[in-house]
Amino acid sequence: MSAETLEFQAETKRLLDLVVNSIYTNKEIFLRELISNSSDAIDKLHFESLTNHDILEGNEDYEIFVVPDSDTKTITISDNGIGMTRDEVISNIGTIAKSGTKAFLEKLRENDGKVDEEFIGQFGVGFYSAFIVADEVELITRRAGENSAVKWTSKGAGEYTIEDCEKDSRGTTIVLHLKPEFCGGEEFDFTNNYAIENLIKKYSDYIRYPVKMNFITEDKDKNKTVEVRTVNSMQPLWTKNKSEISQDEYKEFFKHQFREWEEPQEIFHIKAEGTTEYTALLCIPKHAAINLYYADYEPGLQLYSRHVFIMEKCKDFLPDYLRFIKGLVDSPDLPLNISRELLQQSREVKKIGKALEKNILKQLSKMLQNDRAKYETFWNEFGKSLKIGVYGNMFDTKVKDDLKDLLLFTTSKEEKLSTLAEYVERMPESQTKIYCAVGKDAATISQIPQMEILRDRGIEVIYLLDPIDEFVTDALQNYSGKEIQSINREDFELDDDESKKVKSEVEELAKSNEDLLKDVREAIGAEVSEVRLTSRLKSGAVCLATGAQGPSLNMEKTFAAMNNPMMKATRILELNPNHELFKKLSGLHALDKESGDFKDFCKLLYTQALLIEGIMPDNPVEVANKIAALMAK
């Protein structure tokens, strides 16, 4: 097939532009990315060869070759891995990686098109990092088991050329035509053998395949000899004793192994012996992946058996609420050719997974107790995952018990993060319930009418600011024997003597106003299930409560955003009998309950309650006209 010039996918063009033009503090990172790609290609070949040995074409010696050349001003990275077909080249390089694409574009829009190294690093630039240092890139590849090869060429300017070619061996060769500033410059010289050797040792020393280079030596007669050296140690880091590994080595390993641009927040190096033997090297990344909570995010740990790579994403070790954990597990108790079906049935995998889950939660608990600032940093990035764990396991008491003490919430006490245990410890002896309130932010919650009476009594309130928070407290229901009570629900009431007295008085008043409440309900219509007097308001005229059971208004909005409009909250309009507006309402009712003024007044009270909850009325213009008409009288 003749040479063909194609355009990059639009999203890929945008990514290339970001990679090339963003400000990077570390230009040399391209080498780690490309060597990692070569390692991945060999992994894939090895995995496929377990069931199709012929694909190795008689060559079972895996290797990666790096050749810097000062004469041609190039650096070449070659591997004898799986290689690619023509269609795979177009799919994998001409099109942005499918995983995370949606999240990447959404994040880009959120940032108004602005980008930084951390943002690019979260998405993962992979192959495109070559254009950081090269003004032209050539890729020659032949898939193992195939006869034809393909050559891909691009200057990273929006298009690429692809054509058939010849290649004797399987695998991929990438030639980077370096920009002038990276050829012998004072800061960077990627054509220098020893500089490249140092970079490989720095970033790719633990690659499990030999990374080789040519070194030219000259004897006293100026005869030159080419010596091929393996420049990486190839000893898996996790096989060393913990005492032999520095923190810098751990950090660099995770950067290389899992394509992280920043050092991890926390590292777990776990070795277990006995009936089930395994080593695990895990980490909590510094930042959450931008698509962590999207369906296309693939959680899972790398799986090894006797240091041999088996699987990239094994989802069977950790529960979904720990999906943010990155790392690997190496166990001699698992066969090299274990399948997905066998993994799901494996007792060893289940035992290892339970032990890892327990260890991670134990370390998080220690972090919370011993380094609160560090834990709050973790919480701000990954707290939602633990919340999802509580809600997603609402019928699993053990999981809820494991997670409840790790939860943090903002509260009305200085608006700082607090555990449930700390909240309960601060409760006065007379308080029997844990009170919480839903709102978009602390300022909004502090102004809702129900908060006034709690402030007067000096009662602390937990702020549920994340849409999932209310689902979490509903799943818990209680903590340390204390019922968790939402002040947005109809069954919210204080149980002190003063509150009981006021409630009794309001109940008597409600009996003498049954007709009024019934007519207000009819004037508003089916949008409310009940209109009643309340003892929970002090200076506020109205509030909107939801039923003690079923969805709340917050849940209704959350479900609506998920295209599930059937989940409706039961709306109850509560009136303050001590407010001037109630007296005005009573007067209009006594004068003429069929009048337009009375009905408009009822609807405006309901609209006021909606606005307090942050809900816009269906017809704002009609509401504005009603207000204007009443103000004019």
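That block above? That's the structure.
Residues numbered from 1 in each chain as written. Predicted model: local features only at pLDDT ≥ 70, side-chain atom pairs only at ≥ 80, totals over all residues. Heavy atoms only, no water.

A. Region of interest: the overall build of the chain. Each helix and strand counted, the chain has 21 helices and 23 strands in total. Burial analysis of the chain (633 residues in total) assigns 50% to the buried set. Sequence-distant contacts, at least 24 apart, represent 70% of the contacts inside the chain between residues at least 6 apart. Accessible area for the chain stands at about 30800 Å²; split by element, carbon and sulfur atoms hold 47% of it. (Helix = DSSP H or I, 4+ residues; strand = E, 2+ residues; numbered from the N terminus. Buried < 20%, exposed > 50% of the residue type's maximum accessible area, 1.4 Å probe, protein only. Contact = heavy atoms within 4.5 Å. Areas by Shrake-Rupley, 256 points an atom, 1.4 Å probe, with all protein chains shown as cover.)

B. Geometry of the side chain of Thr 141. Along the chain, Thr 141 turns up in strand β4 (residues 134-142). Taking relative accessible area as the criterion, Thr 141 reaches 0% and is therefore assigned buried. At a separation of 2.9 Å, a polar atom in the side chain of Thr 141 contacts the main-chain amide nitrogen of Met 84. Non-local contacts of Thr 141, meaning those with residues more than four positions away in its chain, are made with Gly 83, Met 84, Val 89, Ala 149, Val 150, Lys 167, Gly 171 and Thr 172. (Polar contact = N/O pair within 3.5 Å; in protein donor to acceptor, adjacent residues only side chain to side chain.)

C. Molecular detail of the sheet that holds strand β8 (residues 211-218). Within the open sheet, the nine strands sit side by side as β1-β6-β5-β4-β7-β3-β2-β8-β9. Their pairing is mixed. Sheet topology places β1 (4-7) and β9 (224-230) at the edges, where each strand pairs with a single neighbour. Strand-to-strand twist in this sheet, taken as the mean axis angle between neighbours without regard to direction, amounts to 20°. Two elements, β4 and strand β7 (residues 171-178), share eight bridges in a ladder whose sense is antiparallel. (Pairing = 2+ DSSP bridges. Axes fitted to C-alpha atoms, helices over the stretch in contact; angles between N-to-C directions.)

D. Here's a closer look at the side chain of His 589. Here His 589 shows up in helix α19 (residues 580-592). In contact with His 589, other than residues within four places in its own chain, are Asp 515, Leu 516, Asp 519 and Phe 598.

E. Up close: the nonpolar core. Counting residues in each nonpolar core, the largest one holds 75 residues, and the members touching the most others are Phe 317, Ile 325, Leu 356, Tyr 375 and Leu 454. If you tally residues by element for this core, the top one is helix α9 (residues 347-370), at eight residues. Membership of the second largest hydrophobic core comes to 52 residues, among which are Ile 55, Tyr 160, Leu 199 and Ile 200. (Core = buried A, V, L, I, M, F, W, Y, C linked by side-chain atoms within 4.5 Å.)

F. How the structure looks around a nonpolar patch on the surface. Residues Ile 216, Val 226 and Val 228 make up a contiguous nonpolar surface patch of about 290 Å² in total accessible area. Tracing the chain through its elements places Ile 216 in strand β8. Its relative accessible area of 58% is what places Ile 216 among the exposed residues. (Patch = residues over 30% accessible without salt bridge, like charges linked within 9 Å, V, L, I, M, F, W, Y side chains within 5 Å. Salt bridge = Lys/Arg side-chain N within 4 Å of Asp/Glu carboxyl O.)

G. Structural context of the sheet that holds strand β20 (residues 482-486). The sheet built from six strands is open, its strands ordered β16-β15-β18-β17-β20-β19 with mixed pairing. Every interior strand has two partners, whereas the edge strands, β16 (417-418) and β19 (478-479), have only one. Sheet topology places strand β15 (residues 409-411) next to β16; two bridges connect them, and they run antiparallel. Along β16, the bridge assignment pairs Thr 410 with Leu 417.

H. Examining unusual backbone geometry more closely. Not every positive phi belongs to a glycine, and Glu 57 is a case in point at roughly 55°. You can call Glu 57 partly exposed: its relative accessible area is 36%. Phi is positive for Glu 415, close to 50°, though the residue is something other than glycine. With respect to the helices and strands, the residue Glu 415 is situated in the loop between β15 and β16. On the basis of relative accessible area, Glu 415 is assigned to the partly exposed category, the value being 45%.

I. Spotlight on helix α15 (residues 469-476). Across the eight residues that make up α15, a large majority, seven, are buried. Where α15 ends, the next residue or the one after it, Gln 477, has phi of about 70°, a positive value.

J. A look at the packing of helix α10 (residues 372-392) against helix α11 (residues 397-404). Where α10 meets α11, the axes come as close as 8 Å, and the angle between the chain directions of the two elements is 150°. What the angle tells us is that α10 and α11 run roughly antiparallel. Here α10 runs over α11; the crossing is left-handed. From α10, Leu 386, Gly 389 and Val 390 reach across to α11, where they touch Val 399, Lys 400 and Leu 403. Taken together, the residues that form the contact of α10 with α11 break down as four nonpolar, one polar and one charged. (Parallel < 35°, antiparallel > 145°, perpendicular 65-115°, else oblique. Left-handed = near helix turned anticlockwise from the far one by under 90°. Nonpolar A, V, L, I, M, F, W, Y, C, P; charged D, E, K, R; others polar.)

K. Structural view of a negative patch on the surface. A surface patch of negative charge is lined by Glu 273, Glu 277, Asp 333 and Glu 348. Within the secondary structure layout, Glu 277 lies in the loop between β10 (266-272) and β11 (278-284). (Lys, Arg positive; Asp, Glu negative; His and termini not counted. Charge placed at Lys NZ, Arg CZ, Asp CG, Glu CD.)

L. How the structure looks around the pattern of salt bridges. Enumeration over the complete set of coordinates arrives at 36 salt bridges. One salt bridge in this structure joins Lys 511 and Glu 508, with 3.5 Å as the shortest N-O distance. Of the two residues, Lys 511 and Glu 508 are both situated in helix α16 (residues 497-511); the distance of three residues between them amounts to about one turn of the helix. Three or more residues joined by partner-sharing salt bridges are found here, namely Lys 384, Lys 387, Asp 466 and Asp 469.

M. Representation of the pairing of β10 within the structure. Most of β10 sits inside the fold, with six of its seven residues counted as buried. Sheet topology note: the β10/β11 ladder contains seven bridges and is antiparallel. Its bridge partner lying in β11, Ile 270 is registered against Ala 280. With antiparallel pairing between neighbouring strands as the criterion, β10 and β11 make up a hairpin whose turn holds five residues, including Gly 274 at a positive phi of roughly 130°.

N. Just the packing of helix α17 (residues 514-524) against α19, in detail. Two elements in contact, α17 and α19, have axes separated by 11 Å at closest approach and are oriented at 90°. Regarding the angle of α17 to α19, the classification is roughly perpendicular. Residue-level contacts link Asp 515, Leu 516, Asp 519 and Val 520 of α17 to Phe 582, Leu 585, Ser 586 and His 589 of α19.

O. Layout of the pairing of strand β17 (residues 433-438). In terms of burial, β17 is largely enclosed, as six of its six residues are buried. Neither face of β17 is exposed, since Lys 433, Tyr 435 and Ala 437 on one face and Ile 434, Cys 436 and Val 438 on the opposite face are all buried. Summarising the sheet, β17 and β20 pair through four bridges and their orientation is parallel. The partner of Tyr 435 across the bridge, within β20, is Gln 485. Across three bridges, β17 lies against strand β18 (residues 462-464) in parallel orientation. Bridging across to β18, Val 438 finds its partner in Leu 464.

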